[in-house]
Amino acid sequence: MRNEIDRTVAVSVDWDAEAARFDEEPDHGLGVPEVRAAWAARLRAWLPEPPADVLDLGCGTGSLSLLAAEQGHRVTGADSSPAMVERARAKLAGRDAVFLLGDAAAPPVGERLFDVVLVRHVLWALPDPARVLRHWRGLLRPGGRFVLVEGVWGTVTPVGIPAGRLTALLAPLAADVRVEPLSAVAALWGKEVDDERYAVVATV
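Caption draft 1: Layout of the packing of aromatic side chains. Counting across every chain of the model gives 4 aromatic pairs. Ring centres of W39 and W46 lie 6.3 Å apart, and the angle between their planes is 75°; this geometry places the pair in the edge-to-face category. In terms of burial, W39 and W46 fall into one category: buried. With centroids separated by 5.4 Å and ring planes inclined at 85°, the aromatic side chains of W39 and W189 adopt a geometry described as edge-to-face. In this pair, W39 is assigned in helix α4 (residues 33-46) and W189 in helix α9 (residues 186-189), connecting sequence segments 150 residues apart. Accessibility classification places W39 together with W189 in one group, the buried group.

Laid out in structure tokens, this is it:
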């Protein structure tokens, strides 16, 4: 039942309509210098040495894709919202980046393999996260890694995926799974938060 509630919340959002104002949130648009710097530092620590092939799933307007590209990585982004993809393409025009319209759960990348699958606040909203993770595992080269930023939001009707559940799902798929708590790092969110926010970096 909890998973059904999560998915209902996620699919009720019109992401095309949200695209125009999506970047207004500090942690979405990364327009605040301190927030941008905080995310850039985290990505630098989580991603391999550049250049790597990074697959940014549910990329939205491409803010994390832009940071990865600026750090010298080759980026492929995918999102199911045409308006989000259009904004991501404009944001990264001239960069080593390609953006595809498609489902994050099964991105339209053909037989391509990647060094990183990067996903922020998307997995919790997808049906059957275990199946999705297995599919994403097949998109990684040997020695590749998942970089998954997730959390649990809200107190009355919380949505999200707890760190313990995500690490359990990754255990059979990865040789090393590391959780990095992020709730206390206000610079990442542009404000103080008291819910569960974290990143999982898992090497396959």
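Caption draft 2: Here's a closer look at the environment of V119. For V119, the location among the structural elements is in strand β4 (residues 114-120). V119 sits in the buried class, given a relative accessible area of 0%. Setting aside residues up to four positions removed in sequence, V119 forms contacts with L57, W136, V147, L148 and V149.

Caption draft 3: Structural context of the confidence of the model for the protein. Averaged over every residue, the pLDDT of the protein is 92; residues scoring 70 or more account for 94%. Residue range residues 1-9 is modelled with pLDDT below 50. Its contacts to residues more than four positions away, or to other chains, number 15 contacts.

Caption draft 4: Expanded view of the environment of P158. Residue position: P158 is located in the loop between β5 (140-153) and β6 (159-160). Sequence separation between P158 and D195 is 37 residues; the distance between their C-alpha atoms is 9.5 Å.

Caption draft 5: Main features of the pairing of strand β8 (residues 196-203). Extensive coverage of β8 is indicated by the burial of 6 of its 8 residues. Relative to β8, β5 runs antiparallel, the two being bridged by 8 bridges. In the strand pairing of β8, R145 is matched with T203. Looking at chain direction, strand β7 (residues 176-181) and β8 are connected through 6 bridges and run antiparallel.

Caption draft 6: Representation of the pattern of salt bridges within the structure. Applying the stated criterion across every chain yields a total of 10 salt bridges. Here R42 ties to E180 by a salt bridge, and the two come within 2.1 Å at their closest N and O atoms. Highlighted residues: R42 in helix α4 and E180 in strand β7, separated in sequence by 138 residues. One salt bridge in this structure joins D53 and R74, with 2.6 Å as the shortest N-O distance. Separated by 21 residues along the polypeptide, D53 in strand β1 (residues 53-57) and R74 in strand β2 (residues 74-79) bring together distant segments of the chain. In this structure D53 comes out as buried when scored by relative accessible area, which is 8%.

Caption draft 7: Main features of the nonpolar core. Among the nonpolar cores identified, the biggest contains 33 residues, and L133, W136, F146 and L166 are the most heavily contacted of them. Of all the secondary structure elements, the ones that give two or more residues to this core are β1, β4, α7 (129-137), β5, α8 (163-170) and β8. Considering every element that reaches this core, the biggest residue donor is β5, with 4 residues. Leaving out residues up to four positions away in the same chain, F146 has contacts with V117, L133, W136, R137, L140, L170, V200, V201, A202 and V204. Listed in part, the 31 residues of the second largest apolar core include W39, V54, W189 and A199.

About the cut-offs
- Residues numbered from 1 in each chain as written.
- Predicted model: local features only at pLDDT ≥ 70, side-chain atom pairs only at ≥ 80, totals over all residues.
- Heavy atoms only, no water.
- Phe/Tyr/Trp six-rings, centres within 6.5 Å; stacked < 30°, edge-to-face > 60°.
- Buried < 20%, exposed > 50% of the residue type's maximum accessible area, 1.4 Å probe, protein only.
- Helix = DSSP H or I, 4+ residues; strand = E, 2+ residues; numbered from the N terminus.
- Contact = heavy atoms within 4.5 Å.
- pLDDT = per-residue confidence, 0-100.
- Pairing = 2+ DSSP bridges.
- Salt bridge = Lys/Arg side-chain N within 4 Å of Asp/Glu carboxyl O.
- Core = buried A, V, L, I, M, F, W, Y, C linked by side-chain atoms within 4.5 Å.

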